[in-house]
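Here is what each chain is made of, one letter per residue.
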Amino acid sequence: MDIISRAQPQLVTGCIDEPAGGRAAIVLPDGSLFGEGVKTRLKEHLLEECNLHTIVRLPNGVLRPYTAIHTNRLFFTAGQPTKEVGYYEHPYPAGVKSYNKTKPIRIDEFDAEKAWWGSEADGFTARVENEQAWRVDIAAIKAAGYNLDQKNPHAADSVNHD
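These numbers were taken from a predicted model, which means no experiment stands behind them.

Visitor: It is not clear to me how the side chain of Asn51 should be interpreted in this structure. Could you clarify?
Guide: Residue position: Asn51 is located in strand β2 (residues 50-58). A residue is classified by how much of its surface remains accessible, and Asn51, at 13% relative accessible area, is buried. Non-local contacts of Asn51, meaning those with residues more than four positions away in its chain, are made with Phe75, Phe76, Thr77, Gln80, Pro81, Thr82, Lys83, Glu84 and Glu120.

Visitor: Where do I start with the side chain of Glu89 in this structure?
Guide: Residue position: Glu89 is located in strand β4 (residues 84-89). Buried and without a salt bridge, Glu89 has Arg57 as its closest oppositely charged side chain, separated by 5.4 Å. Of note is the side chain of Glu89, whose polar atom sits 3.0 Å from the side chain of Asn152.

Visitor: What's the story with the pairing of β4 in this structure? I'm lost.
Guide: Along any regular strand, the residues point their side chains to alternate faces of the sheet. The buried count for β4 comes to five of six residues, which makes it a mostly enclosed element. Both β4 and strand β5 (residues 133-137) contribute to a ladder of five bridges, which runs antiparallel. Along β5, the bridge assignment pairs Tyr88 with Ala133.

Visitor: I'm lost on the packing of aromatic side chains in this one. Help?
Guide: Centre-to-centre distance and the angle between the planes together describe a pair of aromatic rings. Evaluation of the coordinates by the stated rule reveals six aromatic pairs. With a centroid separation of 6.3 Å and an interplanar angle of 85°, the aromatic rings of Trp116 and Trp117 are classed as edge-to-face. By the ring-pair criterion, three or more aromatic residues cluster together here, those being Phe75, Tyr88, Trp116, Trp117 and Phe124. Of note, Arg127 hangs over the ring of Trp117, and the distance from its end group to the ring centre comes to 4.9 Å.

Conventions adopted
- Residues numbered from 1 in each chain as written.
- Predicted model: local features only at pLDDT ≥ 70, side-chain atom pairs only at ≥ 80, totals over all residues.
- Heavy atoms only, no water.
- Helix = DSSP H or I, 4+ residues; strand = E, 2+ residues; numbered from the N terminus.
- Buried < 20%, exposed > 50% of the residue type's maximum accessible area, 1.4 Å probe, protein only.
- Contact = heavy atoms within 4.5 Å.
- Lys, Arg positive; Asp, Glu negative; His and termini not counted.
- Salt bridge = Lys/Arg side-chain N within 4 Å of Asp/Glu carboxyl O.
- Polar contact = N/O pair within 3.5 Å; in protein donor to acceptor, adjacent residues only side chain to side chain.
- Pairing = 2+ DSSP bridges.
- Phe/Tyr/Trp six-rings, centres within 6.5 Å; stacked < 30°, edge-to-face > 60°.
- Lys NZ or Arg CZ within 6 Å of the ring centre and 35° of its normal.

Encoded structure:
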């Protein structure tokens, strides 16, 4: 087990221990979203103790040169259980096939996410599903064994974050 895998449970439980209303965001590799055993119990605890309201699926290469794997940004608020998770799959801009050290992701590429985001005060009700965005009810996540790796229902089958 590598150091990152060992650190993930402590990182997530530390975020869960935020005071009610406390907000946090963490970046995790894809494997953390669908792991079993301790990871399942950790995700169950997170979903019961926090409102995991958003997972932004980042494309390959965002963290290069450190890692080439797909990563996810999880956003949550402590003190209330999750009812549904909003997913946003960040696309590459036109003409880009991957990110790297000399061609990193740019902040302006997040404008679409910012426009979609909405407000936590109204439960993110203004979020509209589209080719990059979808919602998954907590019942579906529980039925899938707390698997947070929920595929984009609007994308072709060739999209894979595993």
